[in-house]
Amino acid sequence: MKAAVITFPGSNCDRDLAVGFEKAGAEVIRVWHKDTELPKGVDIVGVPGGFSYGDYLRCGAIASRSPIGQAIADFAGRGGYAIGICNGFQILTEMGLLPGALMRNASLKYICKPVTLKVATSDSVFTAPYGKGAEVVFPIAHHDGNYTIDPEGLKALQGEDRVAFRYAQNPNGSVDDIAGVLSANRRVLGMMPHPERAIEDAQGGADGAALFRALAALGVEA
Amino acid sequence: MKARVHVMLKDGVLDPQGEAVRHALGHLGFGGVEAVRQGKVIELDLAATDKAAAEKEVVAMCEKLLANTVIEKYTIEIA
């Protein structure tokens, strides 16, 4: 399985994300933001956390319109898998690949701590290894993680079972405690918490490893 | 030709920063501030000389980049 991990100026979780895929057995190709196409044969695109383009204008806004941004949108449009974590989630919403937007935390504070999440659906390659109702602990580290969506959009997400993760205790004001959402075809996941920072016990927990193992099995014949 | 774009959160979208400013004003003794909404102003120097064409282009800029129309609205002044 081949994963492309994008690096924007200001990305700071790109290496962690690459290591997450590699430790799970995937081949990782690092892709620069000025590239205009993804490498051939890629099974999934990883959009990492950080502060792409200094968070200028809005978090993720400029990255979502960068040269590689269009290639990612095209890839997802063809049914490709993608995962956006933290700033990557902000970028995917700015691209319109995922609904809603991430606003300033209700407390106005940057929050960096491990949080407990409830897996809200089993129906995705990302969440199937945990199962609906399971609890996992991933770190969060964000200032703008307050998920917002209009009431009709929220109803659609809930009705289509597209909430992937919810916070056990809402840290940032997100509507319906939402920590991560899926695209309509369930192949694009955006989430604020960092599974790639929880892949081995030395990091304080390894709950994220199962997610990467599931992704590493993509496209591999059983 | 100059354009000035005002970007504001849509009505009904909670503005935590505006709320914080409102609280701070209250602490400073400014009573009676019932609501604060915080937005941004973006000034553009344009080569265009035709006002209608400039406005059309700035609308496209707002839709594509300057505003996130999921949560924000914008107004444009051309001078």
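Going along each chain's sequence as written, the residues are numbered from 1 onward. Labels are handed out in written order, letters beginning with A for the chains and numbers beginning with 1 for the ligands. Local features in this predicted model are restricted to residues of pLDDT 70 or higher, and side-chain atom pairs are both shown and tallied only at a pLDDT of 80 or more, whereas totals for entire chains, interfaces and linings draw on every residue.

**Some remarks on the overall build of chain A**
The criterion, for reference: Helix and strand assignments come from DSSP, with helices taken as H or I runs of at least 4 residues and strands as E runs of at least 2, each series counted from the N terminus. As defined in this context, the radius of gyration uses C-alpha atoms, and a globule is described by 2.2 Å times the residue total to the power 0.38. Exposure is read from a count of other C-beta atoms within 10 Å of each residue's own; the residue is exposed at 12 or fewer, buried at 20 or more and partly exposed in between. C-beta atoms are placed from the backbone. We call two residues in contact when the distance between their C-beta atoms, placed using the backbone, is within 7 Å.
When you go through chain A residue by residue, the secondary structure sums to 6 helices and 11 strands. Radius of gyration (C-alpha) of chain A: 16 Å, near the 17 Å computed for a compact globule of 222 residues. Taking all 222 residues of chain A together, the buried fraction comes to 52%. By sequence separation, contacts in chain A at least 24 residues apart represent 74% of the contacts at least 6 residues apart.

**Regarding the interface of chain A and chain B**
Cut-off, in case you're wondering: Note on residue categories: nonpolar means Ala, Val, Leu, Ile, Met, Phe, Trp, Tyr, Cys or Pro, charged means Asp, Glu, Lys or Arg, and polar means any other residue, Gly included.
Across the boundary between the two partners, chain A contributes 11 residues, which contact 8 residues of chain B. Among the residues making up the side of chain A that touches chain B, the classes are represented as 5 nonpolar, 2 polar and 4 charged.

**Here we look at helix 1 (residues 14-23) of chain A**
All names here are of chain A. As a reminder of what qualifies: What the arc covers is the set of directions going from the helix axis to the C-beta atoms.
Buried residues of helix 1: D14, L17, A18, G20 and F21, and no others. Taken end-on, helix 1 shows its buried residues confined to a sector of 155 degrees, consistent with a single buried face. Buried residues belonging to helix 1 abut strand 1 (2-7), strand 2 (27-32), strand 3 (44-47), strand 4 (81-85) and helix 6 (209-216). A positive backbone phi angle near 105 degrees is found at G25, which sits one or two residues after helix 1.

**Notes on unusual backbone geometry**
Residue and element names in this part refer to chain A. The backbone of L108 shows a phi angle near 65 degrees, a positive value even though the residue is not glycine. Looking at where L108 falls in the secondary structure, it is placed in the loop between strand 5 (101-103) and strand 6 (111-119). Residue classification places L108 among the partly exposed residues on the basis of 13 C-beta atoms within 10 Å. Positioned with a positive phi, D177 is a non-glycine residue whose angle comes to about 60 degrees.

**A short note on the sheet that holds strand 2 of chain A**
Residue and element names in this part refer to chain A. We apply this condition: Pairing between strands requires that DSSP locate at least two bridges from one strand to the other. Here the axes come from fitting lines to C-alpha atoms, over the contacting stretch only for helices, and the angles between their N-to-C directions go from 0 to 180 degrees.
With mixed pairing, 9 strands are arranged side by side in an open sheet as 2-1-3-4-11-10-9-6-7. Two strands close off the open sheet at either side, each with one partner strand: strand 2 and strand 7 (135-142). Looking at each pair of strands side by side, their axes are set apart by 20 degrees on average, direction ignored. As paired strands, strand 1 and strand 2 are joined by 6 bridges and run parallel to one another.

**Focus: the pairing of strand 2 (residues 40-45) of chain B**
Residue and element names in this part refer to chain B. The buried fraction of strand 2 amounts to 0 of the 6 residues, a small share that puts the element mostly on the outside. Looking at chain direction, strand 1 (residues 2-9) and strand 2 are connected through 6 bridges and run antiparallel. Note on strand 2: the bridge partner recorded for R4 is E43.

**Focus: the packing of helix 1 of chain A against helix 6 of chain A**
How two helices pack is summed up by the angle between their axes together with the distance between the axes. All names here are of chain A. Heads up, the condition is: Roughly parallel here means an angle under 35 degrees, roughly antiparallel means over 145, roughly perpendicular means 65 to 115, and every remaining angle is called oblique. Take the far helix as your reference; a near helix turned counterclockwise from it by less than a right angle gives a left-handed crossing, and one turned clockwise gives a right-handed crossing.
Two elements in contact, helix 1 and helix 6, have axes whose closest approach is 8 Å; the angle formed by their N-to-C orientations is 65 degrees. Considering their axes alone, helix 1 and helix 6 lie roughly perpendicular with respect to each other. The interaxial crossing formed by helix 1 with helix 6 has right-handed handedness. Across from G20, F21 and K23 in helix 1, the residues of helix 6 making contact are F212, L215 and A216. Here the contact of helix 1 with helix 6 is composed, by residue class, of 4 nonpolar, 1 polar and 1 charged.

**Comments concerning helix 2 (residues 51-66) of chain B**
Residues and elements named next belong to chain B. As a reminder, the rule being used: Helices are assigned an expected span. That span is 1.5 Å times one less than the residue count.
Look at helix 2: only 19 Å from first C-alpha to last across 16 residues, short of the 22 Å you get at 1.5 Å a residue. By the burial criterion, the buried members of helix 2 are A54, V58, C62 and L66. Angular distribution of buried residues about the axis of helix 2 spans 80 degrees; they occupy a single face of the element. For helix 2, exposure combined with an orientation more than 90 degrees from the buried face picks out A52, K56, A60, E63 and K64. Structurally, helix 2 contributes buried residues whose contacts are with strand 1, strand 2 and strand 3 (72-78).

These results come straight from atomic positions and should not be treated as a statement about function.
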